[in-house]
Amino acid sequence: MNDFVDIGAVEDIPVRAARVVKTPQGCIAVFRTATNKVYAIDDKCPHKGGPLSNGIQHDESITCPLHNWVFDLNTGQAKGADEGSVKTYTIKVTDGRILMDTSEFIPEMAAE
Amino acid sequence: MAQKLVIIGAGMASGRLIEHLLDNDPNAYDITLFNAEPRGNYNRIMLSPVLSGEKTYEDIITHSDDWYAENNVTTYFGEAVTTIDQDAKTVTSKSHTVTYDKLVIATGSAPFIIPVPGKDLSGVMAYRDLDDVNKMLAACDKKNAKAVVIGGGLLGLEAAAGLKEQGMDVTVLHIAGHLMERQLDPAAGHLLRKELENRDIKIHTEGFTKAILGEDKVDAVLLEDGTIYEADIVVMSAGIRPETRIATDLGLHVERGIVVDDGMQTSDPNIFAVGECIEHQDQLYGLVAPLYDQAKVLGANLLGGDEIFSPVEISTKLKVTGCDLFSAGDFAEGSDREEIVFRDAVRGVYKRLIIQKNIIIGAVMYGDTADGGWFLQKIKDREDISELRDTLIFGPNFASGAPSDPLAAVAALPLDAEICGCNGVSKGDILAAIEGGADSLDAVKMLTKASTSCGTCAGLTAQVVQIGLGDDFVLPEADTICKCSDYSHDDVRKLIISKELKTIPDIMQELQWKTSCGCITCRPALNYYLVCAWPGEYVDDGQSRYINERVHANIQKDGTYSVVPRMWGGITTPDELRAIADAADKYNVPTVKVTGGQRIDLLGIEKEDLPAIWYDLNEAGMVSGQAYAKGLRTVKTCVGSDHCRFGTQDSTGLGIQLEKAMWGAWSPHKFKLAVSGCPRNCAEATCKDLGIICVDSGYQILVGGAAGMDLRETELLAQVTTEEEALELACAFYQLYREGAQYLHRPYKWIAKVGLDWVKGQCVEDVENRKALAGRFHYSQTFYQVDPWAERASKGKDAYEYSPLADFSKVAAE
Ligand code: SRM
Ligand SMILES: Cc1cc2nc3c(=O)[nH]c(=O)nc-3n(C[C@H](O)[C@H](O)[C@H](O)COP(=O)(O)OP(=O)(O)OC[C@H]3O[C@@H](n4cnc5c(N)ncnc54)[C@H](O)[C@@H]3O)c2cc1C
Ligand code: SF4
Ligand code: FES
């Protein structure tokens, strides 16, 4: 069951910046791109746990702030020579509001 | 007998529908048409030319009263349908109730009015129909009337251009970072902005409307950031919503729009819907092309057909005379997507194609849109373009079109543009030397002295020589800044100044960047170059900075941060130490360490706690130590003549003066200083970017040391006699380095390139130049000596960085 919850407005995230959503499993990084698309991925680099929300965004990729691995925001896959991936989350944007499917990160809520 | 067909809404979609029905079987239906507007079908998309005065309302009427009469269409205009009765099969307006066999809802959209205080004031209007246009035109009659348009999308900009054309003073507020962000990428949005600004339309991006001010009519618009724009009218163009109210009342299936199947049927088999009011396969539509397709499908199906609506790729054009803009398809970037970017700085042309698996999936173009249709066809056909790839971007007429000229930006420089600053050589001088017979780069260099001093203009000089000599000359390979550009760091720095480039998108367009928005190598460099070139003017782009500089703390391996307050010249006080100790206790700082830079590091602080701990340290009078910055770091000192038996001068005092003069400055890389009181050199001045050794007769100013990955001893720049001279020379040297070095070069690398003799010439021997350099440094400091911690701890700058967007961690804990 989808459980879409409004987590804030697109404009709460500056262009090309990111913010985090805290969950019981850790943080999710929510990115707004230069073209106003919104993506959500785990805020944890598979290399050594770097907080991806703190990286530099370019195109639709994010460079990890710790050792510069690059991930595709669409797929969560590492780009270039590095291997690994981060989990991605479903985002819906409606009327400038960002909706996330909480059942993807709070299983208990979906069970209710 | 003919069936009764009732249509609600006389808009672009239903106009087409009626034509299809009449063309194919004029006797199938008795048609009754209701419209809320007091008029029949007209070409809504031509309202902008009516607003700008290029057309009149009469020109855009598509179906006249006579036409309806001739075709036996019963019309009730100025009558909104208020209820539908599904069982009785009737629709009702204020004065008519009509029965139907089949019903079509074609109510279009309603403009979205953003819910801010003052939205109901007189003078606030939408931009949807002829009445809105008439209201705007009435407002233009007043002398010096001012309009604020909220929304920099297609409609908002058309309204803005039209109002400007009518003589109004127009400001556009737009919430995104660039105009028309749904259709354009940032580069094209930037070009569009420049064009509109040239027409004197003010554009305020990332402008969030807080309230519309006024008593009974609008006076002004207030933004979240405190800006106020005076206004006689406010045009809201912040988006549209499908007009679904009557369908919702009836209980039809409505999501964002009225849900229809492929045959345009709603959840009631006798009720259909077309146009902007529908939702089909989760999609809404806001342009006429797909609506016309829908009308055709429904027209056929109402006559017993079985057609299905399948949406095709659509393109957008902005209908503002003189702004050529085209966009189609999907132009976001993604993992398996490649882009081809073409920029012509001279003609102001920008084209970008997005390619996925050898198929064009998106195209954006500005300035020259002639090939738009050709690309759109390729997108629709999903044509494999691998064969055409190399010349694709030049369009179908490649044979006649010349590829872009990488030298265009240099070719466009005026003759008096300075190429070699050291020797005062202009572009004209170089070309004159060539005219005069110089036939090689070396000959030009000999004759003009261009690029014979510091050498940072070598690339530009060679390019001007190539322009002068033509094909006979082969350009030497230049080290380009990154794969996005053909220019070297030095070229970019020089062209920023000579072409007065003041934003990152400006640089990218004018210097023909090969990617749409750069990469992590060039963006931080360009941001720094602009910070240095245009102090007080350039708006720093935080998103082009590495995290440490963006949040003013050093990121740690576990994602926490370290905080290092300044200790001027390594001097502290019991009060400062107490404040540091209190902060360490209060924020559970796991490690407190004395750094190699004579100050104290608080390590392991959660990002969310940063503003609070900064606030506490600020309260105790401490500011950021910028231990994270490509900028001034520390000034180490020794105890000097105040206490030491060998001390010759007040090394501590001079160190503090230097740090107070230089803190806050950004530079190509970090910049570290030390001042030792005598040649015993306890402050390790001989391995710093700039070190001072005090001697009896004055101060030895040493530069170009390093003790990191490379180990270098400093070299003597000059010996001076007074503290004032020492300070002035230090600032002049720092400025020379700031203005000249390439990003991420420490001074020793830069000196190796330009030569210490040249440096001495610039800031020691040429006294006037030294003063000018120091003057520019102090001027720049008036803008950058602002404690970044205080701005964030007390003034809420970049607050988004330090708080989560949402917190579900507690939800589950309950
Ligand atoms: C805290 C400190 C070590 C300490 O505990 O003493 C330190 C810590 C770091 N240094 Fe350093 N350096 C520190 C003094 C030095 C010194 C000694 C000095 O300044 O007297 C040097 C050699 C002198 C020099 O710079 O030439 C030094 C040479 C480097 C280098 C190599 C620079 C080079 O050009 O080769 C780096 C890497 C870089 O900048 O790219 C570096 C980078 C770093 C970074 C920022 C690594 C990073 O990028 O994350 C470290 C941050 C640790 C953290 O998490 O806070 N640190 N670092 C010192 C802070 C001084 C201060 O108060 O600001
Ligand atoms: C200024 C402007 C410029 C545009 N430029 C372009 C362009 O360049 N290219 C492009 O493709 N598109 C453009 N559009 C969009 C285009 O006009 C719309 O997509 C199109 O008009 C939608 O057609 P429609 O029939 O669904 O709705 P509309 O044309 O809006 O018609 C709906 C009609 O239904 C009436 N109505 C609503 N509710 C009721 C009710 N309860 N009872 C009776 N009547 C009702 C409304 O009054 C309206 O007249 C532009 C729009 C505007 C406003
Ligand atoms: S030497 Fe500097 S960069 Fe290396 S581990 Fe120590 S603090 Fe970190
Ligand atoms: S932790 Fe992300 S690259 Fe190392």
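Residue numbers run consecutively from 1 along every chain, following the written order of its sequence. For naming, the first written chain is A and the first written ligand is 1, with later ones following in the order written. This being a predicted model, a pLDDT of at least 70 is required before a residue's local features are given, and a value of 80 or more before pairs of side-chain atoms are given or counted; all residues contribute to the totals for chains, interfaces and linings. Remark: hydrogens and water are excluded; side-chain values derive from all non-hydrogen atoms of the structure.

**A closer look at helix H21 (residues 610–619) of chain B**
Since there are 3.6 residues in each turn of an α-helix, residues three or four apart along the chain are aligned in direction. Residue and element names in this part refer to chain B. A simple rule labels every residue: compare its accessible area, found with a 1.4 Å probe on the protein chains alone, to the largest value its type can have, and call it buried under 20%, exposed over 50%, or partly exposed in between. The numbering of helices and of strands both runs from the N terminus, where a helix is a DSSP run of H or I of at least 4 residues and a strand a run of E of at least 2. Those residues of H21 lying buried are Leu 610, Pro 611, Ile 613, Trp 614, Leu 617 and Asn 618. Take H21 and look down its axis: the buried residues cluster within an arc of 165°, on one side only. The contact rule is simple, with two residues in contact once any of their heavy atoms fall within 4.5 Å. On the buried face of H21, the contacting elements are helix H19 (547–551), strand S29 (561–563), helix H20 (574–586), strand S31 (600–605) and helix H27 (788–793). Among the residues trailing H21, Gly 621 stands out with phi positive, at a value near 90°. It is the directions from the helix axis to the C-beta atoms whose arc is reported.

**So, the packing of aromatic side chains**
Residues and elements named next belong to chain B. Stacked, edge-to-face and tilted labels apply to pairs of Phe, Tyr and Trp rings (six-membered ring for Trp) whose centres lie within 6.5 Å, assigned for plane angles under 30 degrees, over 60, and everything in between, in that order. Following the criterion strictly, the structure yields 24 aromatic pairs over all chains and no others. With a centroid separation of 5.2 Å and 70° between ring planes, the pair formed by Trp 374 and Phe 375 is classed as edge-to-face. A relative accessible area of 26% places Trp 374 in the partly exposed class. Between Tyr 528 and Tyr 743 the ring centres are 6.1 Å apart and the planes differ by 25°, which places this aromatic pair in the stacked class. Note that Tyr 528 is positioned in helix H18 (residues 522–533) and Tyr 743 in the loop between helix H23 (723–740) and helix H24 (747–754), a separation of 215 residues in sequence.

**Some remarks on the packing of helix H1 (residues 12–24) of chain B against helix H9 (residues 288–302) of chain B**
Residues and elements named next belong to chain B. Only the contacting stretch of a helix is used when fitting its axis, a line to C-alpha atoms as for every element, and angles between N-to-C directions run 0 to 180 degrees. Relative orientation of the contacting elements H1 and H9 amounts to 35°, with a least axis distance of 8 Å. Between H1 and H9 lies a crossing of right-handed hand. Packed against H1, whose contacting residues are Met 12, Ala 13, Arg 16, Leu 17, His 20 and Leu 21, the element H9 presents Val 288, Leu 291, Tyr 292, Ala 295, Lys 296, Leu 298, Gly 299 and Leu 302 at the interface. Crossings are sorted by hand: turned counterclockwise from the far helix by less than a right angle, the near helix makes the crossing left-handed, and turned clockwise it makes it right-handed.

**Re the domain arrangement of chain B**
An automatic or database domain assignment supplies the start and end points of every domain. Under the domain assignment used here, chain B contains domain 1 (3–110 + 242–302), domain 2 (113–238), domain 3 (405–475), domain 4 (489–544) and domain 5 (549–788). Computed from C-alpha coordinates alone, the two centres of domain 1 of chain B and domain 5 of chain B are separated by 72 Å.

**Side note on the sheet that holds strand S39 (residues 806–807) of chain B**
Either a parallel or an antiparallel arrangement is found when strands of a sheet pair, and the pairing is made through backbone hydrogen bonds. One open sheet holds the five strands; their spatial order is S8(A)-S4(A)-S3(A)-S2(A)-S39(B), and the pairing between them is mixed. Strands at the two margins of the open sheet, each flanked by one partner only, are strand S8 (88–89) of chain A together with S39 of chain B. DSSP bridges decide pairing: two strands pair if at least two such bridges lie between them. As judged from the two bridges shared by strand S2 (residues 18–23) of chain A and S39(B), these two strands associate in the parallel manner. By the bridge assignment for S39(B), A:Lys22 is matched with B:Asp807.

**A few points about the interface of chain A and chain B**
In this assembly, 46 residues from chain A lie in contact with 46 residues from chain B. Buried area counts how much accessible surface, traced with a 1.4 Å probe, disappears from two parts once they are put together, with both parts' losses summed. For the pair chain A and chain B, the summed buried area comes to about 3,600 Å², and 59% of that belongs to carbon and sulfur atoms. Here a salt bridge means any side-chain nitrogen of Lys or Arg lying within 4 Å of a carboxyl oxygen belonging to Asp or Glu. Along the contact surface separating chain A from chain B lie two salt bridges. With its nearest N and O atoms 2.8 Å apart, the salt bridge here joins A:Lys22 to B:Glu608. Of all the elements in the fold, those that place two or more residues in the side of chain A that touches chain B are strand S1 (4–9), S2, strand S3 (26–32), strand S5 (56–58) and helix H1 (107–111) of chain A. Tallying contributions element by element places S2(A) first for the side of chain A that touches chain B, with six residues. In the scheme used here, Gly and all other residues not listed as nonpolar or charged are polar, with Ala, Val, Leu, Ile, Met, Phe, Trp, Tyr, Cys and Pro taken as nonpolar and Asp, Glu, Lys and Arg as charged. For the side of chain A that touches chain B, the residue count by class is 20 nonpolar, 13 polar and 13 charged.

**Thoughts on the environment of B:Cys484**
Residue and element names in this part refer to chain B. As for its position among the elements, Cys 484 is in the loop between helix H15 (458–469) and helix H16 (489–498). Take Cys 484: its relative accessible area is 0%, and that puts it in the buried class. Considering only alpha carbons, one finds Cys 484 and Cys 522, 38 residues apart in sequence, at a separation of 7.7 Å. With residues near it in sequence (within four places) discarded, Cys 484 still touches Trp 513, Lys 514, Thr 515, Gly 518, Cys 519 and Cys 522.

**A few points about the side chain of B:Ser624**
Residues and elements named next belong to chain B. By secondary structure assignment, the location of Ser 624 is in the loop between H21 and strand S32 (632–637). When its relative accessible area of 0% is taken as the criterion, Ser 624 is described as buried. Between N or O atoms, a polar contact is any pair within 3.5 Å; within protein, one atom must be a potential hydrogen donor and the other a potential acceptor, and residues adjacent in sequence are included only when both atoms are from side chains. Looking at Ser 624, its side chain comes within polar contact range of the main-chain nitrogen of Gln 626, at 3.0 Å. Among the polar contacts made by the side chain of Ser 624, one reaches the side chain of Trp 789 at a distance of 3.5 Å.

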